[in-house]
Amino acid sequence: MEEKKPFGEYIRRKRQEADMTQKDLAQRLYVAESTVSKWERGLSYPDVSLITAICGELRISEHEFFAACDDEQAHAQEKAAGNWRRTVAGLRRFFAVSYAVALLACFVSDLGVYHRLDWFWIVLAAIGLAACFTNLPFRVKRDRIPICLGAASGCLILLLLACWQYGGGHWLAGGLLITGVSLALPWGIWGFWRLDRRRAVVFSALYASGWVFLLLAVIWAFTGGDWLLGLGYPLAAAGVAFGWAYLGCICWLPVGGLFKAGILAVLTSFLIPVFNSLCAWRLPEQEGPRFLDYFSLSALLERRDVGDFSWVNILIFLLMLAASLVLLGMGIWEECRRRKSDGK
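This section reports on the structure supplied with the text.

What counts and how
- Residues numbered from 1 in each chain as written.
- Predicted model: local features only at pLDDT ≥ 70, side-chain atom pairs only at ≥ 80, totals over all residues.
- Heavy atoms only, no water.
- Helix = DSSP H or I, 4+ residues; strand = E, 2+ residues; numbered from the N terminus.
- Rg over C-alpha atoms; globule rule 2.2 N^0.38 Å.
- Buried < 20%, exposed > 50% of the residue type's maximum accessible area, 1.4 Å probe, protein only.
- Contact = heavy atoms within 4.5 Å.
- Areas by Shrake-Rupley, 256 points an atom, 1.4 Å probe, with all protein chains shown as cover.
- Lys, Arg positive; Asp, Glu negative; His and termini not counted.
- Charge placed at Lys NZ, Arg CZ, Asp CG, Glu CD.
- Core = buried A, V, L, I, M, F, W, Y, C linked by side-chain atoms within 4.5 Å.

1. A look at the overall build of the chain
Along the backbone of the chain there are 16 helices and zero strands. The C-alpha atoms of the chain give 32 Å as radius of gyration, which overshoots the globular expectation for 344 residues (20 Å, by more than 25%). Counting only C-alpha atoms and orienting by the principal axes, one finds that the chain spans roughly 95 × 75 × 45 Å. Looking at the chain as a whole, 32% of its 344 residues are labelled buried. Partitioning the intrachain contacts of the chain with sequence separation of at least 6 by distance along the chain shows that 54% fall at a separation of at least 24. Carbon together with sulfur atoms contributes 66% to the accessible area of the chain, which is approximately 21500 Å² in total. Taken as two groups, the 35 positive and 30 negative side-chain charges of the chain have centres that lie 4 Å from each other.

In structure tokens:
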């Protein structure tokens, strides 16, 4: 009897919160009013066949029914999920209305001022491209990535054609080729993930590494100049090296998260001296600090005294490096504590 009292009190409270009388609940469950009264007085339990119906009428879960108490965590998660769905739906409506207003305004303006449609097609293609990322993903239920990516690729090509039609020039072939090579990156990565997810990270990284050099070569083919081998490829090689260092640290380094964060922070702090030094090395006319200058306090003071503002880069690097070393030290300390605890 003592075990039935909390259950009966819970059923009574949830019935009252649902603004129902015992008679109302009994009618909805097709039982006698006295049966509901016995539940609430702790004289009996409902039949197992009525559990689902009772939960539906009182708006509770079966877990709450058996526990005879509200699941606050589940309610909080449900509320958060509901808020997220409403926020997403609101954003979708906002973008849809904004796109419609912009299209209508541009259509009227272009047709009213120039008496024909010319730059309107640029706006149409641009809005279509934006909608591929803001609205289309929520409309597609299956194969979302290839459909949205395909739509975005088509809109991007249409945007180039609209710009060429409006502005003219001889850049269309180069623009389409560069765009095609650029689109090969997301399509290739999606293909690797579709074919073999276990090794997709490594294959995607290898593919992206080669893709960077191919893109630079295609751009150089249409722009000309002597920057490809002298500056473009060295900077790209440095970027690829940093990318692989990041990937190796995140995926394969057997240490804790704080230790990894420290290593990544140290790597990031070296981006400034490495890339600036490469530019200074490959462009002799550029007067900037060399790699070792970033580790010299005297170089910082000397450049500041002569009014060379490159001392700001040195200062930023030193501050970033100091903060990164502190984070790395914390990570090493945490890793030592963890291994010592595992050893015990």
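Let us keep going from here.
2. Some remarks on the nonpolar core
If you look at the biggest cluster of nonpolar residues, it comprises 18 residues, and the most contacted ones within it are Ile-11, Leu-25, Trp-39, Ile-54, Leu-58, Ile-60 and Phe-65. At the level of elements, helix H1 (4-17), helix H2 (22-29), helix H3 (33-40) and helix H4 (51-58) are the ones that each hand at least two residues to this core. Each residue touching Leu-58, except ones within four places of it in the same chain, is listed here: Ile-11, Lys-14, Arg-15, Met-20 and Leu-25. One finds Ala-125, Leu-129, Ala-152 and Ala-162 within the second-largest nonpolar core, a separate group that totals eight residues.

3. As for the environment of Ser-153
Note that Ser-153 resides in helix H9 (residues 144-167). Ser-153 sits 172 residues away from Leu-325 along the chain, and the two C-alpha atoms are 43 Å apart. In this structure, Ser-153 is in contact with Leu-183 and Trp-187, ignoring residues within four places of it in sequence.

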